[in-house]
Amino acid sequence: MFSDTGVTMGRRIWIGVVLWFWVVCLAQASEGVHWSYVGETGPEHWGSLAEPWALCGDGTRQSPIDVGAALPARLPPLEFDYRSWAETVVNNGHTIRFDVAPGSTLHAGVNRYRLVQFHFHTPSEHLRWGMPAPAELHLVHRADDGTLAVVAVWLVPGRWSGSTFSSLWGALPTLEHQRYPVRALRIDPEDLLPARRDYVYYRGSLTTPPCTEGVEWFVLTEPVEVPPGLLHRLGRIMGANARPVQPLNGRTPLRSR
Ligand SMILES: [Zn+2]
C-alpha cells in the first residue's frame, strides 16, 4: 500500500515524464515537415503544418508588411561595420544563404548586433504601397541576448559598382542542401548596401516557419541596383519565395528622416 506521500511523489514523477515527453514531441513536431510557397504547404497553411509553427497562423506581429504608410520619426542612424566575408553558401531549398564569418557588426542606437548570414527573396517580401521590388536581400544579425535584427534591401535591375555582385552571381548554387566555400570570392556585405541608409523600422517576425516574433526590422528605403542577369538567375534558382504581407494589427512602422 502507498502512503499519501508516495502517491504524491508517484504522481509528480508521472507528470514530469509526461511533460518531458510533450516538450520532446513539440521540439520534434516540426522536424522533417515540408513547407513551401505554393499549394497545400504554402504560407496560408504554415500555421497548421506543425504545432511549433502556430504563430505563422495566429501571430499578431508578423512579417513582412507594406511599409508605405510608415510615419516619419527621429530614429538613430544605422552604422554598419562590416569587416568579414561570406564563408559558405547553401541553397537550402527555400533560399540561397551566405553564412558570414564573425567580425561584422551593426549598431542601431545603443543596440549592437553581429552579422550572421544574408539571403534572398524573389520578388521582395516588403512592399511599398502595394508594390514589390524584383528581389529583396535580408542581412540577418543577432544581438548577444539572442534578439534578431534583419536589414532588408530592395534589389532592382540597373547599373552596379564593385565586384561583389559579379562574385555573387558566380557563387549561386543550383544544387540543393550542398554547402560550398566562398571565401576566395571575397563577397563584401558592405557592397550590398545602398549609399543612403534611411530606413523603416518596425517589430515583426521571421518570414519563414516558425515565424518567431520579436524580430527588429530595418527596411532600407533606397534600393540597390544590381545586374539584371543576377535577378533573373536568383529567380530561376529559387522560384517565387516571398511570404505575402501580414496585417499591421495596430503596429505603426516608423521612417527615419
Ligand atoms: Zn528572409
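Residues numbered from 1 in each chain as written. Predicted model: local features only at pLDDT ≥ 70, side-chain atom pairs only at ≥ 80, totals over all residues. Heavy atoms only, no water.

## Considering the coordination of the zinc ion
For step 1, the next point in the chain: Donor atoms from the polypeptide that bind the zinc ion are His119 (NE2), His121 (NE2) and His138 (ND1), placed at 2.0 to 2.1 Å.
For step 2, the next point in the chain: Spacing between the donor residues of the zinc ion along their common chain follows H-x1-H-x16-H.
For step 3, the next point in the chain: With relative accessibility at 12%, the residue His119 sits in the buried group.
For step 4, the next point in the chain: For His121, a relative accessible area of 2% translates into the label buried. (Donors = N, O, S within 2.8 Å, 3.2 Å for Na, K, Ca; no water. Buried < 20%, exposed > 50% of the residue type's maximum accessible area, 1.4 Å probe, protein only.)

## What to know about the environment of Pro209
For step 1, the next point in the chain: Looking at the secondary structure, you find Pro209 in the loop between strand E10 (199-205) and strand E11 (213-220).
For step 2, the next point in the chain: Looking at Pro209, the relative accessible area reads 11%, which means it is buried.
For step 3, the next point in the chain: For Pro209 and Pro52, which are 157 residues apart along the polypeptide, the C-alpha to C-alpha distance reads 8.6 Å.
For step 4, the next point in the chain: Discounting chain neighbours no more than four positions away, the residues touching Pro209 are Trp35, Trp46, Trp53 and Cys56. (Helix = DSSP H or I, 4+ residues; strand = E, 2+ residues; numbered from the N terminus. Contact = heavy atoms within 4.5 Å.)

## Examining unusual backbone geometry
For step 1, the next point in the chain: With an omega of 0°, the peptide bond between Ser63 and Pro64 qualifies as cis.
For step 2, the next point in the chain: Along the chain, the position of Pro64 falls in the loop between helix H3 (55-58) and strand E1 (71-73).
For step 3, the next point in the chain: Cis geometry is adopted by the peptide bond preceding Pro210, which originates at Pro209 and carries an omega value of 10°.
For step 4, the next point in the chain: Looking at where Pro210 falls in the secondary structure, it is placed in the loop between E10 and E11.
For step 5, the next point in the chain: Even without glycine at this site, His177 takes up a positive phi of about 65°.
For step 6, the next point in the chain: By relative accessible area, which is 57% here, His177 ends up exposed.
For step 7, the next point in the chain: Despite not being glycine, Asn249 shows a phi value in the positive range, around 50°.
For step 8, the next point in the chain: Within the secondary structure layout, Asn249 lies in the loop between helix H5 (228-238) and strand E13 (254-256).
For step 9, the next point in the chain: The exposure class assigned to Asn249 is partly exposed, which follows from its relative accessible area of 49%.

## Here's the deal with the pattern of salt bridges
For step 1, the next point in the chain: Evaluation of the coordinates by the stated rule reveals six salt bridges.
For step 2, the next point in the chain: The partner of Asp99 in a salt bridge is Arg97, with the nearest N and O atoms 3.0 Å apart. A single burial state applies to Asp99 and to Arg97, both of which are buried.
For step 3, the next point in the chain: Glu216 serves as the salt-bridge partner of Arg203, at 3.0 Å between the closest nitrogen and oxygen. Remark: Glu216 occurs in strand E11 and Arg203 occurs in strand E10; sequence separation between them is 13 residues.
For step 4, the next point in the chain: One connected set of salt bridges, linked through shared partners, spans Arg97, Asp99 and Arg179. (Salt bridge = Lys/Arg side-chain N within 4 Å of Asp/Glu carboxyl O.)

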